[in-house]
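# Fold and geometry: a report
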Protein chains: 2
Amino acid sequence: MDALLDKLKWDANGLVPVIVQDVENGQVLVMAYTNREALEKTIETGKVWTYSRSRGRVALKGESSAHFQHVKEVRTDCDQDAVLIKVIQDGGACHEGYRSCFFRKYEAGASDWNVVEKPVFDPKSVYKK
Amino acid sequence: MDALLDKLKWDANGLVPVIVQDVENGQVLVMAYTNREALEKTIETGKVWTYSRSRGRVALKGESSAHFQHVKEVRTDCDQDAVLIKVIQDGGACHEGYRSCFFRKYEAGASDWNVVEKPVFDPKSVYKK
């Protein structure tokens, strides 16, 4: 694994962007960042880990919600500075209750981005304090 | 359009990451960066423009290859700090001749990322000097 991770062009903060995609229907679920540790854990555990810039630490996707992302494929791009992970998604990927974080769409003339998806879970009951 | 672009969380360099996806088969084609000018041009012209960090300027995707990306949908995510554009792709999105830039796959035990796609055009004939 080390040789392959060495090939990636980690940025000045040791990160690369990562796109997580539903392997079954192609839906783009979330864009996040990963570092070497998070990508190692992703490959080793078969579940997506990311580096959370807001929390300043590596985090298992789904650690609070139990909506895990089960890794089916890990790819990189021509420049090797981005990663694409194809997954089976439990529940929803978005902390706002949607399957995908990309639930807002541009529409000409609208005063705000239009919500074009329906929630698949209730964040209030999933993220209990 | 201004009101919607104002909602996006442009980073310190005025950029947000953009994922370009084939609207027909869901294939993730490329991950790039856009700035306000590039996204305005994308929406106005119906073709994807990006901000090229290496060239330090806004660029029409396909300006050299004529492999344009025709915009069908523009989305943003929950945090409004990433953009997803669904397109009809002419030719291939990757300057190395592949339809998608994500043509390399992780395989356990391999000594390098495995090329798992076939080129769809010859870069030498498309990018003539």
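You'll find the structure just up there.
These notes cover the structure that comes with them. (Residues numbered from 1 in each chain as written. Chains lettered and ligands numbered in written order. Predicted model: local features only at pLDDT ≥ 70, side-chain atom pairs only at ≥ 80, totals over all residues. Heavy atoms only, no water.)

It is worth spelling out the relation of the copies chain A and chain B at this point. When chain A is fitted to chain B, the best match, at an RMSD of 0.0 Å, comes from turning it 180 degrees and sliding it 0.0 Å along the axis. As the rotation angle and translation indicate, the two copies are arranged about a two-fold axis. Among all residues of chain A, the one whose C-alpha sits closest to the rotation axis is Gly26(A), at a distance of 2.4 Å. Looking at the interface residues of chain A, 100% of them are also at the interface in chain B, so both copies use one shared face. (Least-squares fit on C-alpha atoms with pLDDT ≥ 70 in both. Contact = heavy atoms within 4.5 Å.)

The subject of this paragraph is the packing of aromatic side chains. Residues and elements named next belong to chain B. Throughout the structure, instances matching the rule amount to 6 aromatic pairs over all chains. Between Tyr98 and Phe103, the ring centres sit 3.7 Å apart and the planes meet at 15 degrees, which makes this aromatic pair stacked. No difference in accessibility class separates Tyr98 from Phe103, as the two residues are buried. Lying across the ring of Trp49, Lys41 places its NZ or CZ 4.7 Å from the centre. (Phe/Tyr/Trp six-rings, centres within 6.5 Å; stacked < 30°, edge-to-face > 60°. Buried < 20%, exposed > 50% of the residue type's maximum accessible area, 1.4 Å probe, protein only. Lys NZ or Arg CZ within 6 Å of the ring centre and 35° of its normal.)

Let's shift gears to the interface of chain A and chain B. Contact residues are listed per partner, giving 42 residues for chain A and 42 residues for chain B. Carbon and sulfur atoms make up 65% of the area that chain A and chain B hide from each other, which totals about 3700 Å². Our enumeration of links across chain A and chain B arrives at 4 salt bridges. With a shortest N-O distance of 2.8 Å, Glu117(B) and Arg75(A) are connected by a salt bridge. Counting the contacts that link chain A with chain B gives 15 residue pairs in polar contact (both at pLDDT 80 or more). Mapped onto the side of chain A that touches chain B, the elements with two or more residues apiece are helix H1 (2-7), strand S1 (15-22), strand S2 (28-35), strand S5 (69-76), strand S6 (83-89) and strand S7 (104-105) of chain A. Of the residues forming the side of chain A that touches chain B, the biggest block, 4 residues, is contributed by S5(A). Two elements, S5(A) and strand S7 (residues 104-105) of chain B, share 2 bridges in a ladder whose sense is antiparallel. Bridge pairing in S7(B) places Thr76(A) opposite Arg104(B). (Buried area = accessible area lost by both parts, 1.4 Å probe. Salt bridge = Lys/Arg side-chain N within 4 Å of Asp/Glu carboxyl O. Polar contact = N/O pair within 3.5 Å; in protein donor to acceptor, adjacent residues only side chain to side chain. Helix = DSSP H or I, 4+ residues; strand = E, 2+ residues; numbered from the N terminus. Pairing = 2+ DSSP bridges.)

A few words now on helix H2 (residues 36-45) of chain B. Because an α-helix packs 3.6 residues into every turn, residues spaced three or four apart end up facing the same way. Residues and elements named next belong to chain B. Regarding H2, the residues found buried are Ala38, Leu39 and Thr42. The arc that holds the buried residues of H2, viewed along the axis, is 95 degrees, so those residues lie on one side. In this structure, the buried side of H2 is in contact with helix H1 (2-7), strand S2 (28-35), strand S3 (49-52), strand S4 (57-60), strand S5 (69-76) and strand S6 (83-89). Put simply, Asn35 is the residue that caps the front of H2, since its side-chain oxygen is 3.3 Å from the backbone nitrogen of Glu37. Of the residues trailing H2, Gly46 is marked for its positive phi of about 75 degrees. (Arc of directions from axis to C-beta.)

With that settled, the discussion passes to the sheet that holds S6(A). Sheet strands pair via backbone hydrogen bonds, and the direction of the pair is either parallel or antiparallel. Strands sit in the order S2(A)-S1(A)-S6(A)-S5(A)-S7(B)-S8(B) across an open sheet of 6 strands; the sheet is mixed. The open sheet has two edge strands, S2 of chain A together with strand S8 (114-115) of chain B, and neither has a second partner. Note: S5(A) against S6(A), 7 bridges, orientation antiparallel. Paired with Val71(A) across the bridge in S6(A) is Val87(A). The sheet strands contacting helix H2 (residues 36-45) of chain A are S2, S5 and S6 of chain A, and the helix crosses S2(A) at an angle near 120 degrees. (Axes fitted to C-alpha atoms, helices over the stretch in contact; angles between N-to-C directions.)

It is worth spelling out the state of the cysteines at this point. Enumeration over the complete set of coordinates arrives at 0 disulfides over all chains. As a non-bridged cysteine, Cys78(B) has Cys101(A) as the owner of its nearest cysteine sulfur, 3.7 Å distant. Here Cys94(B) is not cross-linked by a disulfide; its sulfur's nearest cysteine counterpart is in Cys78(A), at 3.8 Å. Residue class for Cys94(B) comes out buried when judged on its relative accessible area of 0%. (Disulfide = S-S within 2.5 Å.)

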